[in-house]
Amino acid sequence: METSSIILLLVSASISFGLGRVITHFRNAKRKRQALERQAQALRDRPAEPEAKNKAKRKRQLQELDKASRKNAQ
């Protein structure tokens, strides 16, 4: 094989490998982002916990709900 054909083969192989890695990286990032969105949606859609009979615990629950509603509003 000639030197030029070997160089061309190496360049094309490295471009192909690099392009494959870039595509894989972006695909994995998209999948991870979608998984986080699904997890967040599942947490938002879960049923509300029953109100506690303990007064202090009930107060903490209301504060947590208030924080969550403020965070979602932003």
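For every chain, the first residue of the written sequence is number 1, and numbering continues from 1 onward in sequence order. Local features in a predicted model are, by the rule used here, given only for residues with pLDDT of at least 70; side-chain atom pairs are given and counted only at 80 or more, and totals for whole chains, interfaces and linings are based on all residues. Just so you know, side-chain values use all the structure's heavy atoms and leave hydrogens and water out.

(A) Highlighting the overall build of the protein. A tally of helices and strands in the protein yields two helices and zero strands. To get the radius of gyration, use the C-alpha atoms; to get the globule rule, take the number of residues to the power 0.38 and multiply by 2.2 Å. A compact globule built from 74 residues should have a C-alpha radius of gyration of about 11 Å, whereas the protein, at 26 Å, is more than 25% larger. The principal-axis extent of the C-alpha atoms belonging to the protein is close to 85 × 20 × 15 Å. For every residue, the accessible area (1.4 Å probe, protein chains only) is compared with the maximum for its type, and the residue is labelled buried under 20%, exposed over 50%, or partly exposed between those bounds. Looking at the 74 residues of the protein, the share that counts as buried comes to 3%. Carbon and sulfur atoms form 58% of the exposed surface of the protein, whose accessible area is close to 7400 Å². Under the scheme used here, helices are H or I runs from DSSP no shorter than 4 residues and strands are E runs no shorter than 2 residues, and both carry numbers assigned from the N terminus. Computed by Shrake-Rupley with a 1.4 Å probe, the accessible areas treat only the displayed protein chains as cover when residues are assessed.

(B) Looking closely at a nonpolar patch on the surface. On the surface, a nonpolar cluster with roughly 470 Å² of combined accessible area is contributed by Met1, Ile6, Leu9 and Leu10. Following the sequence through the fold, Ile6 ends up in helix H1 (residues 3-45). Here, patches come from residues exposed beyond 30% relative accessible area and free of salt bridges, joined within 9 Å for like charges and within 5 Å for nonpolar side chains (Val, Leu, Ile, Met, Phe, Trp, Tyr). Any carboxyl oxygen of Asp or Glu within 4 Å of a side-chain nitrogen of Lys or Arg constitutes a salt bridge here.

(C) Structural context of the side chain of Gln61. Along the chain, Gln61 turns up in helix H2 (residues 55-73). Between two residues, a contact is recorded if the distance between any of their heavy atoms is within 4.5 Å. Each residue touching Gln61, except ones within four places of it in the same chain, is listed here: Glu49, Pro50, Glu51 and Ala52.

(D) Here's a closer look at the environment of Arg21. Position of Arg21 among the secondary structure elements: in helix H1. For Arg21, a relative accessible area of 52% gives the class exposed. C-alpha separation for the pair Arg21 and Lys57, spaced 36 residues apart in sequence, amounts to 50 Å.

Any link to function would need more than the numbers given here.
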